[in-house]
Amino acid sequence: MKITADTNVLVRAITGDEARQSKAAQDALANADVIALALPALCELAWVLARGYRIPLPDIAGAIRQMVNSANVVVNRPAVEAGLAMLDAGGDFADGVIAYEGSWLGAETFVSFDRNAVRLIKTQGARARLLD
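Now for a look at the structure at hand. (Residues numbered from 1 in each chain as written. Predicted model: local features only at pLDDT ≥ 70, side-chain atom pairs only at ≥ 80, totals over all residues. Heavy atoms only, no water.)

1. Structural notes on the side chain of D95
Here is the rule we go by: To qualify as a helix, a DSSP run of H or I must reach at least 4 residues; to qualify as a strand, a run of E must reach at least 2; elements of each kind are numbered from the N terminus. The buried label goes to any residue with under 20% of its type's maximum accessible area, the exposed label to any with over 50%, and the partly exposed label to all in between, with areas taken from a 1.4 Å probe on protein chains only. Charged residues are defined narrowly, with Lys and Arg counted positive, Asp and Glu counted negative, and His plus the chain ends left uncounted. A side-chain nitrogen of Lys or Arg and a carboxyl oxygen of Asp or Glu constitute a salt bridge if their distance falls within 4 Å. Every residue pair with non-hydrogen atoms within 4.5 Å of one another is taken to be in contact.
Checked against the element boundaries, D95 lands in helix α6 (residues 93-104). Among buried Asp, Glu, Lys and Arg side chains, D95 stands out as unpaired, with R51 the closest opposite charge at 7.2 Å. In contact with D95, not counting residues within four places along its chain, are M86, F110, D114, A117 and I121.

2. Topic: helix α5 (residues 77-88)
The cut-off we apply is this: Each helix should span, by expectation, one fewer than its residue count multiplied by 1.5 Å.
Its twelve residues give α5 an end-to-end C-alpha distance of 16 Å, which sits within 8% of 16 Å, the value for a rise of 1.5 Å per residue. Those residues of α5 lying buried are A79, V80, A82, G83, L84, M86 and L87. Looking at the buried positions of α5, the neighbouring elements they touch are α3 (39-52), α4 (57-68), α6 and α7 (115-123).

3. Side note on the sheet that holds strand β1 (residues 2-4)
Our working definition: In this description, strands pair whenever DSSP reports at least two bridges between them.
Ordered by their spatial adjacency, three strands build an open sheet running β1-β2-β3, and the pairing between neighbours is parallel. The open sheet has two edge strands with one neighbour each: β1 and β3 (73-74).

4. Brief notes about the pattern of salt bridges
What the rule picks out here adds up to five salt bridges. Measuring nitrogen to oxygen at the nearest pair gives 3.1 Å for the salt bridge that ties R12 to D17. The partner of D92 in a salt bridge is R51, with the nearest N and O atoms 3.1 Å apart. Taken together, the residues D92 in the loop between α5 and α6 and R51 in helix α3 connect sequence positions 41 residues apart. Residue classification places R51 among the partly exposed residues on the basis of a relative accessible area of 36%.

5. Observations concerning the nonpolar core
Worth spelling out the cut-off: Buried residues of nine kinds, namely Ala, Val, Leu, Ile, Met, Phe, Trp, Tyr and Cys, make up a nonpolar core once their side-chain atoms join them within 4.5 Å.
By size, the foremost hydrophobic cluster in this structure holds 30 residues, and its most contacted members are L10, L37, L42, L45, I64, V80 and F93. Of all the elements in the fold, those that place two or more residues in this core are α1 (7-15), α2 (19-31), α3, α4, α5 and α6. With eight residues, the top contributor of residues to this core is α3. Those residues in contact with L42 that lie beyond four places of it in its chain are L10, L37, M67, V68, V75, V80 and F93.

6. Section: α2
Counted at 1.5 Å a residue, the expected span for α2 with its 13 residues is 18 Å, and the 18 Å between its end C-alpha atoms agrees. At its buried positions, α2 is contacted by β1, α1 and β2 (34-36).

7. Observations concerning the side chain of S22
Here S22 lies in helix α2. We classify S22 as buried; its relative accessible area is 3%. In this view, S22 contacts R12, G16 and D17; residues no more than four positions away in its chain are not counted.

8. Details of the packing of α3 against α6
Applied cut-off: Here, axes are lines fitted to C-alpha atoms. For helices the fit covers the stretch in contact, and angles between N-to-C directions go from 0 to 180 degrees. Working rule for angles: under 35 degrees goes down as roughly parallel, over 145 as roughly antiparallel, 65 to 115 as roughly perpendicular, anything else as oblique. Under the grouping applied here, Gly and all other residues not named as nonpolar or charged are polar, the nonpolar ones being Ala, Val, Leu, Ile, Met, Phe, Trp, Tyr, Cys and Pro and the charged ones Asp, Glu, Lys and Arg.
Remark: α3 packs on α6, axes separated minimally by 8 Å, with the N-to-C direction vectors making an angle of 150 degrees. In terms of axis orientation, α3 runs roughly antiparallel to α6. Together, L39, L42, C43 and A46 of α3 and F93, A94, V97 and E101 of α6 make up the contact between the two elements. By residue class, the composition of the contact of α3 with α6 is seven nonpolar, no polar and one charged.

Right under this line is the structure:
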């Protein structure tokens, strides 16, 4: 079976915080022929793990890397790598994905009210501007 996993399935599979649902999530992922990991689900996953579960960013990055490197996973790898670069730098996964996708769509400059995101995007060599 080819599946797309919702964020809540990914959260349960990683955290194991609810025994019945965690087992069902882990079984579904383990038995899938293909798992399509959508960027919004990964962005939500990183946010939920960081904000809701207070999991350290390096651990979140490790969990995402482990998932996307599974043989049965398909994902927009360059966008995920951009998100992981932001996590590794202490930023938000979603900001990296947004900046990458914007660039891919033809944008020249990432703009945000988030000082840290702008600083980290600039550190990675991309154009970014803080809006006041």
